[in-house]
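Listed below, chain by chain, are the residues.
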Amino acid sequence: EVQLVESGGGLVQPGESLRLSCAASGFTFSSAGMSWVRQAPGKNLEWVCTIDADGGRTYYSDSVKGRFAVSRDNAENTLYLTLNSLKTEDTAMYYCAKHVVPGLLLNYWGQGTQVTASS
């Protein structure tokens, strides 16, 4: 059974940082591309970033490029998202998601972790 469990969210002030983790199990983590997706209250899902299976390539939305960094530890089956210089508009539920292998479609999602940037 595929499981994705996010952690690390919280309440921070604008300008501060957080690191989210996503613990993966039930599949060959090192073979799958992974993404982070977020949803702010009352808004649609927004793609945040993607990392390929071996971590060699990363892709970011324009709204987070230069502030967020995605990484992975394939030995520990864990995906990370470092959020720097947080803005109030980054407030959202953050989900990690697994890509189909091969391909770009997302076929499994975690339960999410809440990030709130507020003064």
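Residues numbered from 1 in each chain as written. Predicted model: local features only at pLDDT ≥ 70, side-chain atom pairs only at ≥ 80, totals over all residues. Heavy atoms only, no water.

**Quick look at the state of the cysteines**
Thinking step 1. Evaluated as defined, the whole model comprises one disulfide.
Thinking step 2. A sulfur-sulfur separation of 2.0 Å characterises the disulfide bridge that pairs Cys-22 with Cys-96. One quick way to see it: the torsion about the S-S bond of Cys-22 and Cys-96 is about 50°, and its sign makes the bridge right-handed. Pair noted here: Cys-22 is in strand β3 (residues 18-25) and Cys-96 is in strand β9 (residues 92-99), with a separation of 74 residues, a long-range link. One exposure class covers both Cys-22 and Cys-96, and it is buried.
Thinking step 3. Not part of a disulfide, Cys-49 finds its nearest cysteine sulfur in Cys-96, a span of 11 Å.
Thinking step 4. Cys-49 gets classed as buried once you look at its relative accessible area, which sits at 0%. (Disulfide = S-S within 2.5 Å. Helix = DSSP H or I, 4+ residues; strand = E, 2+ residues; numbered from the N terminus. Buried < 20%, exposed > 50% of the residue type's maximum accessible area, 1.4 Å probe, protein only.)

**Describing the pattern of salt bridges**
Thinking step 1. According to the stated counting rule, one finds five salt bridges in the structure shown.
Thinking step 2. Taking the shortest distance from any N to any O, the salt bridge between Asp-90 and Arg-67 comes out at 2.7 Å. Placement of the pair is Asp-90 in the loop between β8 (78-83) and β9 and Arg-67 in the loop between β6 (58-60) and β7 (68-73), with a sequence separation of 23 residues. For the pair Asp-90 and Arg-67, a shared accessibility class is recorded, and that class is buried.
Thinking step 3. Residues participating in the shared-partner salt-bridge network are Arg-38, Glu-46, Arg-67 and Asp-90. (Salt bridge = Lys/Arg side-chain N within 4 Å of Asp/Glu carboxyl O.)

**Focus: the sheet that holds β7**
Sheet strands line up and pair through hydrogen bonds in the backbone, either parallel or antiparallel.
Thinking step 1. As summarised here, the arrangement of the four strands in space is β1-β3-β8-β7, forming an open sheet in which the pairing is antiparallel. Of all the strands in the sheet, the pair left with one neighbour each is β1 (3-7) and β7. Taken pair by pair, the neighbouring strands of this sheet meet at an average axis angle of 15°, ignoring direction.
Thinking step 2. In the sheet, β3 pairs with β8 via six bridges, with the strands oriented antiparallel. Looking at the pairing, Leu-20 lines up with Leu-81 of β8. (Pairing = 2+ DSSP bridges. Axes fitted to C-alpha atoms, helices over the stretch in contact; angles between N-to-C directions.)

**A short note on the packing of aromatic side chains**
Thinking step 1. A complete count under the given rule lists two aromatic pairs for this structure.
Thinking step 2. Pairing Tyr-95 with Trp-109 gives two aromatic rings, centres 6.4 Å apart and planes at 75°, and the pair type is edge-to-face. Remark: Trp-109 occurs in strand β10 (residues 106-109) and Tyr-95 occurs in strand β9; sequence separation between them is 14 residues.
Thinking step 3. Residue classification places Tyr-95 among the buried positions, given a relative accessible area of 18%.
Thinking step 4. The ring of Phe-27 is capped by Lys-98, whose NZ or CZ atom sits 5.4 Å from the centre of that ring. (Phe/Tyr/Trp six-rings, centres within 6.5 Å; stacked < 30°, edge-to-face > 60°. Lys NZ or Arg CZ within 6 Å of the ring centre and 35° of its normal.)

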